Amino acid sequence: MNFEYCTALNNRNTVIRESDIELSPTPEECYLSMFGYDNSIYEHLRIAKSVQGFKGNFFCKYLYFDIDSENLEESLEMARNFCLLLYNMLNVNPKSLFISFSGNKGFHIGLHQNLFGGFEPSRELPERMKVLAVRILMECFEVSMEAIQQAVKEAKKQVYNLMDLSIYSPNRIFRLLNSCNRKSGLYKIGLTYEELTTLSIEQIKALAAQPKAYRFEVAPSQITAVADLQGLWQYALSFDTGSYNHSQKAQVKQENGQTFFPPVTGSRNNDLFKQAAYIFDKSEFSEHQVLQLVNIINGGSAAPLPYDEVKTLVHSAFKRTLPNRAEKQQTRQAAMGVENFYDWFSEWADYYTADPTPISCLFDEINADQEFNFQGRLGAFIGKGGTRKSYGALNVVAQNIINYEARAMYSSMEMGKVEMVNRTLDVSFPAENGMAPSVFYRSWVKQDKEDLKLKMKEAARRLSDGLILSNVSKMTTDKYFKDLQRAKELYGPVQILAIDGLSMMGGKGSESERFEQHTAELKDLANQENLFIILICHTTKEAKQYMRDVSEYVRGSGKILDNCDFFVSFSNLIDPTRSTAENIEYFRDYGHIKYYNKRGTGLTLNKVYNFCSLTKGIAKSHAEPMDFMEYEAFLKYIKKGKGVTTSGFPQL
């Protein structure tokens, strides 16, 4: 997520990543955009030199209400009253609110997105937030939308009950907490609900004379959705945002379900634009044909727009719906399913002349076999539980993000968020004071949670937005496709998709039927999106941790591996110094993989790797597979009473 950040109102259009935001108290003016931007903001800035006109996706963590008045006593009274109304009318616990004194004329009341079940990033988010804010005011003050519209009209500015309704614009900036307001010389400070309701305005101003430490009364991660607010957010998402400024007559027509109707005075341009866009989306008509139809509709108005104006808005609708047409064209082409040789040859030429993002997969020999290009590949990581196949996938993901600036999506359907964070910390960060990173950070967080979060924000730049996590279960290929498109919109192209694991994917049919279908569809997805997909597969009960090739024990259908380009079989190595025939123990710092490129060169590799118990890192070992006994050899040595060397290897 990215935000506009500025230290003066005349020095705007600087965008930085969220992890780069400096939150330390400052005697300077300091502002942050209310809405975050997806990564396409940087290309927009390069071309437009301004955040204005951004057409990408917006993010938002808080819905803010800005209460302003020249009379601070009035502002304070309204802030108190509004918090109480949120509690009485919508069941919002005042302790879950982010309350602050602005440092000048009023107060900001923030409602975290978790109260609403989350705000999905979108291009329309700012206007949806305005609808949501208005709807909350309607509920709290028990008034109609028309009453709010009338109050705004009479005030001749976007204000209702001291609340500024103009702040929900895409480019709005908000003063940062503990930055100074030069007009008043006071700081914007956070307040608890008790401070808001018990302190006088003079006492609050005295607190704001300097920066003030602030800690949430209820941590955002502990805030849960409120049913009433969830309902209002769904209302805002489905609301026709244009109708907020329409006449009552236009609203009645839309409520009656009429798609085409003569435009109404006061909303003629908007009415005709929407109808033109609808025709473009639902038909194959040319721009000239749509212009003819829309001009006929325009003719039914009591006050038709001039022809040139209709022509301009039809062209605007044509441009706005171009992406939709391109998507439909791609869908039609995909539905055809057949192309001529030259089409395929062109794609072949593009594939070998493009400059792909280099991808690494565990060992140099594997990279060389794949020519450092894993695009369009589906690789199965298979093994018995406890053979570190998930760590193998995480190592691939972390190494490529850190070393090659790749972007990866890790779908963890078998692990909770806490365990996933523990593993990600271990794989991505160095050991600290002889402790695994997750252990070190757990001990730290118990001592100073806020300090650790600040330090981790700095450390997280190592991963930036290259790691996208999900723990939604019962996933299907269609759902992955949608998530990938969404991630591409918000963050940029994704090169790696790691799925942990196949057995947790959804769908209908028997296990074998589902697994066969999923792997076939995932292979198509890898080709379609130029992805490297790592698919973690489990084995049947007959497999053992010491088996160096468990491909014949893959759970489900034998077609699973047929649908993959290669597989990596993970196994543990027997430690003869600690093992008996009845109780097999394994080396903690070694492991084994078998790689088989079944669809390409046919290469088979057997490699030993070093495993770091602190960082969970997997690295090439100088040891060879023959240095370690396989199960049958171990049993023979036990039976013959052979000894072992101090290194643990057999004494021959």
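Look above for the structure.
As a starting point, this report considers the structure included with it. All values reported here derive from a predicted model rather than from experimental measurement.

1. So, the packing of helix 10 (residues 287-299) against helix 11 (residues 307-320)
So, point 1. Between helix 10 and helix 11, whose axes approach to 10 Å, the crossing angle comes to 130°. Accordingly, the angle class assigned to the pair helix 10 and helix 11 is oblique. Crossing of helix 10 against helix 11: the hand is right-handed. Between helix 10 and helix 11, the contacting residues are E287, V290, L291, V294, N295 and N298 on the first element and Y307, V310, K311, V314, H315 and F318 on the second.

2. Looking at the packing of helix 19 (residues 477-490) against helix 20 (residues 511-529)
So, point 1. Viewed as axis vectors pointing N to C, helix 19 and helix 20 meet at an angle of 25°, and their least axial separation amounts to 10 Å. Classed by the angle they form, the pair helix 19 and helix 20 counts as roughly parallel. The two elements helix 19 and helix 20 meet at a crossing, and its hand is right-handed. Residues T477, Y480, F481, L484, Q485 and K488 of helix 19 form the contact with helix 20, whose participating residues are H518, E521, L522, L525, Q528 and E529.
So, point 2. Across the contact of helix 19 with helix 20, the residue classes break down as five nonpolar, four polar and three charged.

3. A closer look at the pairing of strand 21 (residues 590-596)
So, point 1. Of all seven residues that make up strand 21, five are buried, and the element is covered over most of its length.
So, point 2. Where strand 20 (residues 566-571) meets strand 21, five bridges bridge the pair, whose relative direction is antiparallel. Note on strand 21: the bridge partner recorded for S571 is H592.
So, point 3. Summarising the sheet, strand 21 and strand 22 (residues 604-611) pair through seven bridges and their orientation is antiparallel. In the strand pairing of strand 22, Y590 is matched with N610.

4. Thoughts on the packing of aromatic side chains
So, point 1. Throughout the structure, instances matching the rule amount to 36 aromatic pairs.
So, point 2. Ring geometry for F566 versus Y595: centroids 5.6 Å apart, planes at 50°, classification tilted. Taken together, the residues F566 in strand 20 and Y595 in strand 21 connect sequence positions 29 residues apart.
So, point 3. Given a relative accessible area of 0%, F566 falls into the buried group.

5. Quick word on a nonpolar patch on the surface
So, point 1. A contiguous nonpolar surface patch, about 280 Å² in accessible area, is contributed by F285, L293 and I296.
So, point 2. Tracing the sequence through the fold places I296 in helix 10.
So, point 3. Judged by its relative accessible area of 62%, I296 falls in the exposed class.

6. A short note on the sheet that holds strand 23 (residues 618-620)
One key point about sheets: their strands pair by backbone hydrogen bonds, in either a parallel or an antiparallel sense.
So, point 1. The nine strands lie next to each other as 17-16-18-19-15-20-21-22-23, forming an open sheet whose pairing is mixed. Edge positions in the sheet fall to strand 17 (467-470) and strand 23, since each of these pairs with one other strand and no more. Neighbour-to-neighbour, the strand axes of the sheet open up by a mean angle of 25°, direction not taken into account.
So, point 2. When strand 22 meets strand 23, the two strands line up antiparallel, connected through three bridges. Residue pairing for strand 23: N610 is matched across the bridge by A619.

7. Some words on the nonpolar core
So, point 1. Among the nonpolar cores identified, the biggest contains 74 residues, and F65, I109 and I136 are the most heavily contacted of them.
So, point 2. Here this core gets eleven residues from one element, more than from any other, and that element is helix 3 (residues 125-141).
So, point 3. If we skip the residues at most four places from it in the chain, I136 touches L63, F65, F82, L86, L90, F116, L229 and L232.
So, point 4. Within the second largest apolar cluster, 37 residues are counted, among which are I468, I533, C537 and I574.

8. Observations concerning helix 9 (residues 268-282)
So, point 1. Over its 15 residues, helix 9 runs 21 Å from end to end, which matches the ideal 21 Å to within 8%, given 1.5 Å per residue.
So, point 2. Those residues of helix 9 lying buried are D271, L272, Q275, A276, A277, I279 and F280.

9. Concerning the pattern of salt bridges
So, point 1. Applying the stated rule across the entire model yields 24 salt bridges.
So, point 2. Residues E70 and K105 are paired through a salt bridge, measuring 3.4 Å at the closest nitrogen-oxygen approach. Placement of the pair is E70 in the loop between strand 6 (62-68) and helix 2 (72-90) and K105 in the loop between strand 7 (98-101) and strand 8 (106-112), with a sequence separation of 35 residues.
So, point 3. Overall, E70 belongs to the exposed group, its relative accessible area being 68%.
So, point 4. On the basis of relative accessible area, K105 is assigned to the partly exposed category, the value being 28%.

Definitions and limits used
- Residues numbered from 1 in each chain as written.
- Predicted model: local features only at pLDDT ≥ 70, side-chain atom pairs only at ≥ 80, totals over all residues.
- Heavy atoms only, no water.
- Axes fitted to C-alpha atoms, helices over the stretch in contact; angles between N-to-C directions.
- Helix = DSSP H or I, 4+ residues; strand = E, 2+ residues; numbered from the N terminus.
- Parallel < 35°, antiparallel > 145°, perpendicular 65-115°, else oblique.
- Left-handed = near helix turned anticlockwise from the far one by under 90°.
- Contact = heavy atoms within 4.5 Å.
- Nonpolar A, V, L, I, M, F, W, Y, C, P; charged D, E, K, R; others polar.
- Buried < 20%, exposed > 50% of the residue type's maximum accessible area, 1.4 Å probe, protein only.
- Pairing = 2+ DSSP bridges.
- Phe/Tyr/Trp six-rings, centres within 6.5 Å; stacked < 30°, edge-to-face > 60°.
- Patch = residues over 30% accessible without salt bridge, like charges linked within 9 Å, V, L, I, M, F, W, Y side chains within 5 Å.
- Areas by Shrake-Rupley, 256 points an atom, 1.4 Å probe, with all protein chains shown as cover.
- Salt bridge = Lys/Arg side-chain N within 4 Å of Asp/Glu carboxyl O.
- Core = buried A, V, L, I, M, F, W, Y, C linked by side-chain atoms within 4.5 Å.
- Expected span 1.5 Å × (residues − 1).

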